[in-house]
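Now for the letters of each chain:
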Amino acid sequence: MNRPALLQAIPLLPSLERRLAERYDVQRLPAPGPDRDAFLREHGAGYEGLVTSAAHGATAALINALPRLRVISSFGVGLDQLDLGAAAQRGIPVGYTPDVLNDCVADLAFGLLLAIGRRIPEGDRFVRAGRWSAQPPTPFPLGRQVSGAKLGIVGLGRIGRTIARRASGFDMDVRYHSRHPVEGVAWQHEPQLLELARWCDFLVVITAGGAETRHLIDATVLEALGTKGYLVNVSRGTVIDEKALVQALQEKRIGGAALDVFEREPHVPPELYTLDNVVVVPHIASATVQTREAMAQRVVDNLDAFFAGKALLSAA
Ligand code: NDP
């Protein structure tokens, strides 16, 4: 029996590539450019499935260059780079990997929150530079207590709720902002983002990305957060007006920021490198062996379900 042909848009975990190759005829999509265009013109009609990632997504142009495409399976939960409209127009279901990464992303959100509030990377740099043992000793600046602090969460979805649950271990007072209040949760909904920013000590951003949330965290929100407040972003770089954030940090108009994601990854504004009130990491919120394996399994399970004539385990 012929195995379904899949087009793989990006490099994947070796274990995932192996599992896909056991079941499907997999071909790698060439990098963007004339080679890719020629490849798609010649072979585009040969693929029933497309495997991609949240970071790479799939444009309408790519989807439409695959006239026999029947299913898309994406590694990740973000859908901002995936043209869902173009897929829906052709009735193509889109699989993705929600839920299996909630814990991991929530863990990193707390890691960043602790890192910036308690000045952990700054302390590490301080010790390595020999400043602790120097004579005369340099005093290390005091941090911000995390236990008992006020936590504002922007976006109380699957991951936002997991972050809120983590906060109870730190006896934090939690409120959240989203367009719609979430039924059946104990945390207080704050319909005005500015009010949430004014109220909280830590503002953790975990909304969806895309046009609707672009620059949701702008200069006015940062002003409301003020010098007592710390910003943590584990959602998408686009949710924050990065230029306004850099300015606020340079002028010390907010307490600090810890960022996993950036507007033009892998570009990080170089102004941030010299600031001590900033922690930056390279988009690693879901990057553990365990979570990446679970995501990989979901990519395979979504495809296997589709080709067995069943509903996808998780469809966008
Ligand atoms: P969900 O869809 O479960 O939650 C999204 C939340 O965002 C909802 O509470 C939604 O509430 C809120 N939201 C959407 N638009 C707005 C808006 N305009 N204003 C305020 N709130 C808004 O998604 P997940 O929790 O599973 O994931 C959230 C995002 O996290 C993903 O879309 C992804 O981009 C990012 N992510 C980042 C990772 C990383 O590596 N850094 C890893 C995994 C995910 P409502 O609709 O009521 O407004």
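Below you will find a few notes about this structure. (Residues numbered from 1 in each chain as written. Predicted model: local features only at pLDDT ≥ 70, side-chain atom pairs only at ≥ 80, totals over all residues. Heavy atoms only, no water.)

## A look at helix 7 (residues 158-168)
Here's step 1: Taken together, the buried positions of helix 7 are Ile 159, Gly 160, Thr 162, Ile 163, Ala 164 and Ala 167.
Here's step 2: Lining the buried residues of helix 7 we find helix 5 (102-117), strand 6 (150-154), strand 7 (173-177) and strand 9 (202-205). (Buried < 20%, exposed > 50% of the residue type's maximum accessible area, 1.4 Å probe, protein only. Helix = DSSP H or I, 4+ residues; strand = E, 2+ residues; numbered from the N terminus. Contact = heavy atoms within 4.5 Å.)

## Describing the site of the ligand
Here's step 1: Looking at the ligand, there are 27 residues lining it, with Arg 158, Ile 159, Arg 179, His 180 and Asp 260 nearest.
Here's step 2: Here a nitrogen atom of the ligand and a backbone polar atom of Val 234 are 3.0 Å apart.
Here's step 3: The separation between an oxygen atom of the ligand and a polar side-chain atom of Arg 236 is 3.4 Å.
Here's step 4: Burial of the ligand by the protein amounts to 87% of the accessible area it has alone, namely 920 Å².
Here's step 5: Partitioning the shell around the ligand into residue classes produces eleven nonpolar, eleven polar and five charged. (Near = heavy atom within 4 Å. Polar contact = N/O pair within 3.5 Å; in protein donor to acceptor, adjacent residues only side chain to side chain. Areas by Shrake-Rupley, 256 points an atom, 1.4 Å probe, with all protein chains shown as cover. Nonpolar A, V, L, I, M, F, W, Y, C, P; charged D, E, K, R; others polar.)

## What to know about the environment of Pro 269
Here's step 1: Mapping Pro 269 onto the fold places it in the loop between strand 11 (256-259) and strand 12 (278-280).
Here's step 2: For Pro 269, a relative accessible area of 8% translates into the label buried.
Here's step 3: Separated by 26 residues in sequence, Pro 269 and Lys 243 have C-alpha atoms that sit 8.6 Å apart.
Here's step 4: The residues touching Pro 269, leaving out its near neighbours within four places in the chain, are Glu 242, Val 246 and Phe 262.

## A look at the sheet that holds strand 7
Here's step 1: In spatial order, the strands read 8-7-6-9-10-11-12; together these seven strands make up an open sheet with parallel pairing. Across the chains shown, the open sheet's two edge strands, defined by having one partner strand only, are strand 8 (188-189) and strand 12.
Here's step 2: For strand 9 and strand 10 (residues 230-233), the ladder comprises four bridges, and the chain directions are parallel. Across the sheet, residue Val 205 finds its bridge partner in strand 10, namely Asn 233.
Here's step 3: Its contacts with the sheet put helix 7 on strand 6, strand 7 and strand 9, and the angle it makes with strand 6 is roughly 170 degrees. (Pairing = 2+ DSSP bridges. Axes fitted to C-alpha atoms, helices over the stretch in contact; angles between N-to-C directions.)

## Some remarks on the pairing of strand 3 (residues 49-53)
Here's step 1: Counting buried positions along strand 3 gives five out of five residues, so the element sits mostly inside the fold.
Here's step 2: Both faces of strand 3 are covered, namely the face carrying Gly 49, Val 51 and Ser 53 and the face carrying Leu 50 and Thr 52.
Here's step 3: Here strand 1 (residues 5-8) runs beside strand 3; their pairing, made up of three bridges, is parallel. Of the residues in strand 3, the one forming a bridge with Leu 7 is Leu 50.
Here's step 4: Where strand 3 and strand 4 (residues 71-75) come together, five bridges link them in parallel fashion. Looking across to strand 4, one finds that Ser 53 is bridged to Phe 75.

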